[in-house]
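Below are the chains, spelled out letter by letter.
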Amino acid sequence: MKLKHFTAISIFLLLFSQHRQVSACGPFPSPSLYTINIYRIIDTEDTETQWISPDAPLPSAEVRLVMEKTKNILLWKKQISKKISDKDIQKVVYNCSSEQIENIYALLTQGKEEDIPKDLKQNSFIRHLMTTRDVKAIKLLVLAKKSEEIRSALNDTWNYHTRQDQAYAELDSIAKEAMAYRENYLLDRYALQAVRALFATEQYERCIEYWLQIEKRIPSNVIRDMITGYIAGCYAHTGEATRAMKVFFQNGDLESIQFILEKEKLDAFTVFADQAPDSPYAPFIIQRQLNRFGFVDYVFKEAYKYISANATDDKLQHALKAAKAARKPDNKAYWFYAAAAISAELQFQDTKQKHSEVLNKQIDELDFNTDYESGQELYNKLYSSEDLPDLSDPNSAILTQKQLQQAMDYLTEAEKHYNNPVFLDYTHLLRIFFEAMTRTYDSSYEQWLEKEILWIEKKVDENIIPYKSRKQLQLKNNITDYDIIDPFFQYKNHTFFFGQADFWNKAARKILLKAAVPKAMAVGKTTRALQYSNYAENTTLIYQSLNFPLISIKPNYNNNTFKLADHLTADQLAAYIDILMHPNDPLDSLLNAGSYREINYWREMTGTHYLREMRYAAAIRYLTEVDFRFQYSINLINSECMNRDPFAATNCHTSRGAGRHDYKLDFATRMRKLQDLMFKTEDPDSLCEIRLKFTTGMFNSFHECWALTHYYKTSGGWLNEDNGPYTNWTLYLSPLIKNIEKNRHKEFELFKDPERKAAALLKYGHRKEIMEHYSHTTAAEFLREHCDEWKDYVPSHLRSKNSGKSPNSGIRIAATSTITTIVLRRFRRSMAKKFEDVKNIEKRNAEKVNGRK
Amino acid sequence: MFYRNLLILLLLLLFSTCQPDSSRIGWNRRFQSESTDTPMQTESHRAIYHWKTTYNPNEQERHFLCKHRIEKLYIRYFDLSIDREGSSRQVIPSAVTTFCQPVPEGMEIVPTVYVTLDALKVIAGNSGNNHNPNIRTYAQKTLSYIDAMSAANNISNIREIQIDCDWTNSTEKAFHNFCSILKKSLHDSGRRLSLTIRLHQLRKTAPPADYGVLMLYNTGGIRNYNTDNSILDPKDIRGYFNQTNNRIANYALPLDIAYPTFEWCVLFNKEQYCEGILYNIDLRDKAHFRRNNSRNNLYKVLQSYTYGATELFPGDELRHEFVAYETLSTCKQLAEQDFLKAKRNYSVILYHLDHTNLSKYTPYEIEALYSH
């Protein structure tokens, strides 16, 4: 009967422990996919942090100014005389001071040409002006020089200016003089001076008005281009940014474009799509937008601002418009690619939105005061940094063919217009991603995925820097292996370590973790899901470890694969070990080859899971096979929590120091022995003692000796998202511990011998019960002799009979034990409250659901 | 008798007037001696800093100046910092204050310039000696810029200029030289130089100036997650006062004291400082913030929240820092007892003129801070 009773309890506990184990559709951690960008149209390392690439084909501001200067000199020759040398024009226009030019003007107008300094007289430009007495040209130069001088002073940051400054008055006077000039000869140059002066004095509207009056009289030349630049600036300042942008696009003035984009908070992608779809800069702008979709990292968290559903929908319309308007085939293809990516993002956002609505509903129904942890967990899910819904619900990651059909159609259009092999590789990769998300998961899916993984592997191989080339490059650039790889941070020189191969590797990771893993989980293929995850995270490292002897792949207790494995059952892990050792099909072999295959790691984890499931015989089987040297590499080995006594009755913190390598195996073996003894022992009191010890081991293995069954726990309390992968720890473990504790207490009822029962009660800190029911026993006598507060344990109705002072009130040993008991009691009370809270919430939710029905 | 009554009436009128006029400023002359070479003991007056990029005090702030009879306004004119846009590392005036309204008539204005450490390093150049042309050039440029700003904004009642700089051991010599040049130029034009003095700088040789303002704020480690209040905490300043080797008494410059009347929130992520200081954030918004049970001034961000240019994300933490009057009072007592022991006269300056922050204190408390 007693054995049956015990067996029933044990089965209940086992069932309870099984209950939280993951079913195929149950919760599992979402992979951290940040920094993975699968969208790519051009080879570029990092277009997100740069506004444009330094290798961009359009000239930079400096180059543009040089070109402008050359054109200006040529125009002077055309307007004045072709006989004048370029050098002399340059000297007068660009190098002479304002004073020198004013002096020449004064002497010429006074008829004192002979007084002009010799070196200037020898200048063919000056000579020509003297000969022709071209006062208009010299006056223009005087205005230009004076204006330049004042504007230069205004631009000096060390000059504090106000609108009342003399400089403003002088510039205004220059503008008036230049605007008064009406002749056709040099009108463009006078107009430029007027526009410059008006712009510098912030008279933007007046400047535009003046330009509109003379615009038709100004020929198409470098001066007109310069004027239009200023006019565009005036438009930008008067709120007509779009009009300004048109001019800047024509002039290739990217600095001004950037200025307006920032000032007006305009979106570069939209502006380029509308106004410059054929711009050689368009690919950079598109790539930058695509990066924003991809890099949804903590670092790039601001990216979220740009991908609100409406803005993205708007972007899709602009991309399609640009794709139609573009004439250059490559740009056309790039815009279609962008449309495909945006269309897909819209679907992802839509799914995320729906997922958020479900979570929001759950949050609304939750009472934060009583269930803060659940609320926090829901918030974490809701504001997850993933660009897809939280994958703890794998079904939410599955998109239908119909949802991504539009994106695939745009991709086909992109492929049609640009036959470049590199670009076609990128479109193919995106197609793999889309199909991996939408195809039905079955054997054909696996066959198809195997083929595509091989294709991506080929791309990784093609793009990884070969050993010899790398070494040559390193020698040339004086870079050592240590400059490339940090033994702690794996790699630090991205280009040398991965080259472009990193993109392909990350793409594979995104496809597998974001599409294949949740799909496999959803159909219950947990082993396959773990294979995909392991491959996705380790394949490149394994490959590179062959190239770089410095790389050592260590057991990881924090990556996605670990997190996924940690949420699987022990049997599922055991099945994975079988596949690792004996692959069944070519896909197994392919995935195994790129996976972390340290068998000790997997066996140790499986053994730990069996301990978690309280299947000690199975745990022994796996833990025995783990090399003791490997056990020194597990994450908690240096922690004293692997050296606590799991059979301690009230306080396991009896030992200090680093963990023991055979800690888990030793525990499993002792538990197994206790199980055997329970079947063999007939004396009821001995059986009770054994059962108490067994239940204590079970209790402690989830409580103070949690390292026996888990890999993470915070030092201060329960786990949370920041400290490990167990978001549900509190929710599932507290009821479990509570139940074990409750059942342990029942064990005392089965004792026959009051002395042995009292001794056991003393050991487990149940002093009140001893004083109430077993006051005649040795244990009670011991309490009376050693405990200062033994009277507190005596029930009030018995106090008079047992009154008396402790004969040894100075001894504090028992008091310490009492404090421990009180602390434990408080803890248990709080746990019980938590458990009650969970139950209440469940009850309330059930009532709500029933109410709705 | 009539004349006596008239005189009393006039005196009463004069004391009750809101706007401190120039004649009153004249009575409260900072320096007892006209000598410009020897630092002299200060006289008491009420002052406050204006530390914004736009000078546009609202009605309540203007009322504050009147109500508490503020005689002296330290206005931050600009920062001296490095030109990050230019190709060469040039020191330029940045964050220049825009004056949207005239400064109060008759009030003494002290143009204040904050010199960043980076700028000071560039000013110092390779050598910190007096002959380094950089130091002289920048000192003269700084004065010219201040004068141009004052002239352009019709600010005339200027008797001194203040330099605020958190100079270090490596920049000490250069800073001293910079101050020395400034001081001489200012004295030549009948003006004085004052400096802000941080607590740790009390241990160093006093830079050449006419007096210093002892900053009793920013005394704790702002980057340290475990700091309770980096603005002012009595335990952070205790070591500087009431010592046997009285630093206040022995410091070579006369000192005024500046107390903080501002608040801010310091942003942390995973206990790491995030270079984010947020002002006037509504922490009562329970949908976004949740107060930490064990640390009262620590708030956890529950939902994403955009605050100006800063984005807050779930899990981020904000440390709200504000110095309550009681704490200020304790610190004031702690600091001022040293001044009294040393028989030093001093003025109290509040940092800074901002209604949102000042409204956290009652008029009585403000008066108590100014009184000594």
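About the criteria used
- Residues numbered from 1 in each chain as written.
- Chains lettered and ligands numbered in written order.
- Predicted model: local features only at pLDDT ≥ 70, side-chain atom pairs only at ≥ 80, totals over all residues.
- Heavy atoms only, no water.
- pLDDT = per-residue confidence, 0-100.
- Helix = DSSP H or I, 4+ residues; strand = E, 2+ residues; numbered from the N terminus.
- Contact = heavy atoms within 4.5 Å.
- Pairing = 2+ DSSP bridges.
- Axes fitted to C-alpha atoms, helices over the stretch in contact; angles between N-to-C directions.
- Parallel < 35°, antiparallel > 145°, perpendicular 65-115°, else oblique.
- Left-handed = near helix turned anticlockwise from the far one by under 90°.
- Nonpolar A, V, L, I, M, F, W, Y, C, P; charged D, E, K, R; others polar.
- Expected span 1.5 Å × (residues − 1).
- Buried < 20%, exposed > 50% of the residue type's maximum accessible area, 1.4 Å probe, protein only.
- Core = buried A, V, L, I, M, F, W, Y, C linked by side-chain atoms within 4.5 Å.

Caption draft 1: Broad picture of the confidence of the model for chain A. Residues and elements named next belong to chain A. With 72% of its residues at a pLDDT of 70 or more, chain A has an overall mean of 76. Of all helices and strands in chain A, the one with the weakest mean pLDDT is helix α1 (residues 2–19) (39), whereas helix α9 (residues 187–200) scores best (96). A low-confidence stretch, residues 46–59 (pLDDT under 50), is modelled with 33 contacts involving residues beyond four sequence positions or located in other chains. A low-confidence stretch, residues 848–853 stays under pLDDT 50, and its non-local contacts, those more than four residues away or across chains, total 2 contacts.

Caption draft 2: Quick peek at the sheet that holds strand β13 (residues 289–291) of chain B. Residue and element names in this part refer to chain B. Strand order across the open sheet formed by 5 strands is β12-β11-β17-β14-β13, with antiparallel pairing between neighbours. Lying at the two open borders of the sheet, with one neighbouring strand each, are β12 (272–278) and β13. Ignoring strand direction, the axes of neighbouring strands in this sheet form an average angle of 30°. The pairing of β13 with strand β14 (residues 298–301) spans 3 bridges and is classified as antiparallel.

Caption draft 3: Representation of the packing of α9 of chain A against helix α10 (residues 204–214) of chain A within the structure. Residue and element names in this part refer to chain A. Here α9 crosses α10 at 165°, and the two axes come no closer than 8 Å. Here α9 is positioned roughly antiparallel relative to α10, judged by the angle of their axes. As for the relative orientation of α9 and α10, their crossing is left-handed in sense. Note on element contacts: α10 touches α9 through Tyr204, Arg206, Cys207, Tyr210 and Ile214, opposite Ala191, Ala194, Val195, Leu198 and Phe199. Class assignment for the residues of the contact of α9 with α10 results in 9 nonpolar, no polar and 1 charged.

Caption draft 4: Layout of helix α28 (residues 570–581) of chain A. Between the first and last C-alpha of α28 of chain A there are 17 Å, a value that for 12 residues agrees with the 16 Å anticipated at 1.5 Å per step. Among all positions of α28 of chain A, only Ala570, Gln572, Leu573, Ala574, Tyr576, Ile577, Ile579 and Leu580 of chain A are buried.

Caption draft 5: Broad picture of the pairing of strand β3 (residues 72–82) of chain B. Residue and element names in this part refer to chain B. Counting buried positions over the 11 residues of β3 gives 11, a clear majority of the element. Across 4 bridges, strand β1 (residues 46–50) lies against β3 in parallel orientation. Bridge pairing in β3 places Tyr49 opposite Tyr74. Pairing of β3 with strand β6 (residues 108–115), which is carried by 8 bridges, proceeds in the parallel orientation. Directly across from Arg76, in β6, lies its bridge partner Thr112.

Caption draft 6: Quick peek at the nonpolar core. Ranked by size, the top nonpolar core spans 204 residues in total, and within it Tyr39, Phe125, Trp335, Tyr532 and Trp602 of chain A carry the most contacts. Ranked by size, the runner-up nonpolar core spans 101 residues in total, among them Phe178, Leu199, Leu202 and Ile257 of chain B.

Caption draft 7: Representation of helix α4 (residues 117–124) of chain B within the structure. Residues and elements named next belong to chain B. Among the residues making up α4, those that are buried are Ala119, Leu120, Val122, Ile123 and Ala124. Those residues of α4 hidden inside the fold are in contact with β3, β4 (91–94), β6, α5 (133–152), β7 (160–165) and α6 (172–188). Phi for Gly125, located one or two positions after α4, is positive at around 60°.

Caption draft 8: Region of interest: the side chain of Asn505 of chain A. Residues and elements named next belong to chain A. Residue placement: Asn505 occurs in helix α25 (residues 501–522). Residue Asn505 is classed as buried on the basis of its relative accessible area, which comes to 5%. Beyond its immediate stretch of four places on either side in the chain, Asn505 contacts Val460, Thr539 and Thr540.

Caption draft 9: Seen up close, the confidence of the model for chain B. All names here are of chain B. The share of residues in chain B with pLDDT of 70 or more is 84%, and the mean pLDDT across the chain is 84. The spread of mean pLDDT over the elements of chain B runs between helix α2 (residues 22–27), the lowest at 30, and β6, the highest at 97. Both scores are available for the predicted complex, with the pTM at 0.57 and the ipTM at 0.79.

Caption draft 10: Representation of the pairing of strand β18 (residues 348–351) of chain B in the model. All names here are of chain B. Judged by which residues are buried, β18 turns out to be covered on both faces: Val348 and Leu350 on one side and Ile349 and Tyr351 on the other are all buried. The pairing of strand β10 (residues 255–260) with β18 spans 4 bridges and is parallel. Bridge pairing in β18 links Pro260 to Tyr351.

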